[in-house]
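# Examination of the molecular architecture
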Amino acid sequence: MRLSRYFLPVLKEIPSEAQIVSHRLMLRAGMIKQQAAGIYSWLPMGFKVLRRLEQIVHEEQLRAGHLPMLMPTIQSADLWRESNRYEAYGPEMLRMRDRHDRDLLYGPTNEEMITDIFRAHVSTYKELPLTLYHIQWKFRDEIRPRFGVMRGREFFMKDGYNFDLSKEDALHAYNRHFVSYLRTYERLGLQAIPMRADSGPIGGEDTHEFLVLAETGESKVHYDSKVTEIRLGEREINYDDVDQCKSILEEFTALYARTEETHSEAEFTHIPVERRRSARGIEVGQIFYFGTKYSEPMRAVVQNAEGQTVPVHMGSHGIGVSRLAAAVIEASHDEAGIIWPEAVTPFHCGIVNLKQGDKTTDAACETLYEKITQCGLEPLYDDRVERAGAKFATIDLIGLPWRITVGPRGLKNSVVELTSRRTGKSEECPPEMIPDKLTKIYKRTDDHPSA
RNA sequence: CGGGGCGUAGCGCAGUCUGGUAGCGCACCUGUUUUGGGAACAGGGGGUCGGGAGUUCGAAUCUCUCCGCCCCGACCA
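Basis of the calculations
Residues numbered from 1 in each chain as written. Chains lettered and ligands numbered in written order. Predicted model: local features only at pLDDT ≥ 70, side-chain atom pairs only at ≥ 80, totals over all residues. Heavy atoms only, no water. Near = heavy atom within 4 Å. Polar contact = N/O pair within 3.5 Å; in protein donor to acceptor, adjacent residues only side chain to side chain. Helix = DSSP H or I, 4+ residues; strand = E, 2+ residues; numbered from the N terminus. Nonpolar A, V, L, I, M, F, W, Y, C, P; charged D, E, K, R; others polar. Domains from an automatic or database assignment. Contact = heavy atoms within 4.5 Å. Buried area = accessible area lost by both parts, 1.4 Å probe. Salt bridge = Lys/Arg side-chain N within 4 Å of Asp/Glu carboxyl O. Pairing = 2+ DSSP bridges. Axes fitted to C-alpha atoms, helices over the stretch in contact; angles between N-to-C directions. Expected span 1.5 Å × (residues − 1). Buried < 20%, exposed > 50% of the residue type's maximum accessible area, 1.4 Å probe, protein only. Arc of directions from axis to C-beta. Core = buried A, V, L, I, M, F, W, Y, C linked by side-chain atoms within 4.5 Å. Left-handed = near helix turned anticlockwise from the far one by under 90°. Phe/Tyr/Trp six-rings, centres within 6.5 Å; stacked < 30°, edge-to-face > 60°.

Turning our attention to the protein's contact with RNA strand B. Taken together, 45 residues sit near RNA strand B, with R144, R151, E283, D396 and E417 positioned nearest. Sugar and phosphate atoms form 46% of the subset of RNA strand B atoms that lie within 4 Å of the protein. Within the side chain of R387, one N or O atom sits 2.7 Å away from a base oxygen of RNA strand B. Residue T394 places a side-chain N or O atom 3.4 Å away from a base nitrogen belonging to RNA strand B. Breaking the surface near RNA strand B down by element, the ones donating at least two residues are β1 (32-36), β8 (154-164), β13 (276-291), α11 (388-398), β21 (402-406) and α12 (408-412). In the surface near RNA strand B, the residues fall into 16 nonpolar, 13 polar and 16 charged.

We now examine the domain arrangement of chain A. We note that the domain assignment places domain 1 (8-337) and domain 2 (347-443) within chain A. A separation of 38 Å is found between the C-alpha centroids of domain 1 and domain 2. Taken residue by residue, the interface counts 13 residues in domain 1 and nine residues in domain 2. Across the domain 1/domain 2 interface, buried area totals approximately 930 Å², and carbon plus sulfur atoms make up 59% of it. If you look at where domain 1 meets domain 2, you find two salt bridges. Where D334 meets R421, a salt bridge forms, and the shortest distance between an N and an O atom there is 2.8 Å. If you look at where domain 1 meets domain 2, you find five residue pairs in polar contact (both at pLDDT 80 or more). Those elements that provide at least two residues to the side of domain 1 that touches domain 2 are α1 (21-28) and α2 (44-63).

Glancing now at the sheet that holds strand β4 (residues 74-76). Sheet strands pair by backbone hydrogen bonding; their relative direction is either parallel or antiparallel. Pairing in this open sheet of three strands is antiparallel, and the strands run β4-β6-β5 from one edge to the other. For this open sheet the edge positions go to β4 and β5 (94-97), each flanked by a neighbour on one side alone. Across the sheet, the axes of successive neighbouring strands diverge by a mean angle of 35 degrees, strand direction being ignored. Of the pairings in the sheet, the one linking β4 to strand β6 (residues 103-106) comprises three bridges and is antiparallel in character.

Now for helix α7 (residues 242-253). Taking 1.5 Å of rise per residue, the twelve residues of α7 would be expected to cover 16 Å, and the 17 Å separating its terminal C-alpha atoms lies within 8% of that figure. For α7, the complete set of buried residues consists of Q244, C245, I248, L249 and F252. One side of α7 holds all its buried residues, which, seen down the axis, span an arc of 135 degrees. The inward-facing, buried residues of α7 abut α6 (167-187) and β9 (192-196). At the N-terminal boundary of α7, the capping side chain belongs to D241, with an oxygen 3.1 Å from the backbone nitrogen of D243.

Taken across its eight residues, strand β10 (residues 206-213) has six buried, putting it largely inside the fold. As paired strands, β9 and β10 are joined by five bridges and run antiparallel to one another. By the bridge assignment for β10, R196 is matched with H208.

Attention now moves to the environment of H263. With respect to the helices and strands, the residue H263 is situated in the loop between β12 (257-259) and α8 (265-268). For the pair H263 and K220, spaced 43 residues apart in sequence, the C-alpha separation works out to 9.6 Å. With near-sequence residues (within four places) excluded, H263 lies in contact with H222, Y256, R258 and F268. There is a polar contact of 2.8 Å between the side chain of H263 and the side chain of Y256.

Judged by nonpolar contacts, the single largest core of 69 residues is most densely connected at M26, M31, Y185, F210, V284 and L324. Counting contributing residues per domain, this core is built from domain 1 (8-337) and domain 2 (347-443), each supplying no fewer than three. Ignoring anything within four residues of it in the chain, the contact list for L324 reads L53, V57, Y185, L188, L190, V284 and I319. Listed in part, the 25 residues of the second largest apolar core include M93, F163, F288 and A300.

A cis amide bond links L128 to the next residue, P129, at an omega of 0 degrees. Position of P129 relative to the elements: it lies in the loop between α5 (111-121) and β7 (130-139). Notably, F147 is not glycine yet its phi reads approximately 60 degrees, a positive angle. Residue placement: F147 occurs in the loop between β7 and β8. Residue classification places F147 among the partly exposed residues on the basis of a relative accessible area of 22%. You will see that S414, though not glycine, has its phi angle at about 60 degrees, which is positive.

In this section: the packing of helix α10 (residues 359-374) against helix α13 (residues 434-443). Put simply, α10 and α13 touch, their axes get as near as 9 Å, and they point 35 degrees apart. Like other packed secondary-structure pairs, α10 and α13 cross with a definite hand, here right-handed. For the pair formed by α10 and α13, the contact residues are L368, K371 and I372 on the first element and I434, P435 and L438 on the second. In the contact of α10 with α13, the residues fall into five nonpolar, no polar and one charged.

Moving on, we get to the packing of aromatic side chains. Throughout the structure, instances matching the rule amount to twelve aromatic pairs. For the pair Y181 and Y185, a centre-to-centre distance of 6.2 Å together with 80 degrees between the ring planes defines the contact as edge-to-face. Linking Y181 with Y185, this pair stays in helix α6, spanning four residues, or about one helical turn. Here a set of aromatic residues connected by ring pairs shows up, and it is made of F178, Y181, Y185 and F210.

As structure tokens, this is what we get:
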């Protein structure tokens, strides 16, 4: 993409409504524009990041064997009356009425709807286990939306639902999600710590939240500092392996890590003093096992091998995709702006032409642009007629992980500069070598399952 | 919902107390000179002062009312 043809309304000054760093940077980098309290437009570059996050979440769900689908944003109130949540959900639910006076709502979550789909089409245990998910906009009419897309009223969420014959099967689904979530966050370059949490209005027995540590996080958390040393890493995972999934869950939950709601001071004091940590975190996901809470009232039942009709065991699982954009920025930025992890960056590199209009530098940039594009990578070429400082400031602000600086000074020696946004370190090399270097860098994060 | 604050050009703000018909910086347009970390100069375009009602010869400014947004608190991906 050529910057001169792109729509990237960057701001030099910080809009006054933004309090936290991710919100400020998303506004300054021209990623989002507020349309109402807690409701945002995603401008081209923000949208690009959102789609990359969505893509990675999809890939990891597919890898775990979960099936993508799409449910509508608007739901009928009748379904919610069946589960008795229409009244129980309270004013957080945005209710509306159509021209025939039918009660509708903008879905805050989809347990009822997925259960409706399940009961309409599944009647035998032979179709189990089944896990369906979608990535769709939700609306929760928060009392006080804030912090940009971190706590929007409208937000983009992956929500999945598993249906199993027995509690044991459903707990495996729980563990499987646990592992797939860990993998998802690690791919995004985020450290998200699983913590035992409170089940809230979704209800249920077992639940873990995944939290990214950040000063601006809204949740208070308490943990043993050793949990931050555990990584999933490159290990092979077989999502059908019940024991493996269980042992990974046990490995990650053996050490103390709780949100404020489930915190126990008594247990906390068993941790050696130097390892006790109380901090704040951003909740980027949560998984639940809730048994037959919805399947019983909504009659989502199957016949088992003995011919008995039994309610299915269910769980639900969510990742806040739009919130992830803010969480990544909270976890990865500096004074100059955003620092995108390679996995989610909107463009793979920026090409900065220091002397736009100069035949030699223009030609060098064009060639680089073409060659890099041919490698399947997407460069953002700053071809504006601007001074070097302005171009550097823009490219730093929007946070592309790699910058290629092309100027007459370097070209005299047949070199361009490759600079890491994260470390600030530069190396000079002939432009012909750049595509290969970038390809190697991105090979590490280019991790698509065949699905 | 309780408490606090704000609404003036795309963004950041002054002007409001003490009424006299709107200004500054950035951004934008034109030109000249510049050009390896947000250039300088000159010229220029852009505003129903959140909406409505009232007071007044006259309202961004005073009064009433509605709307929107932000911050602190209880709830949540």
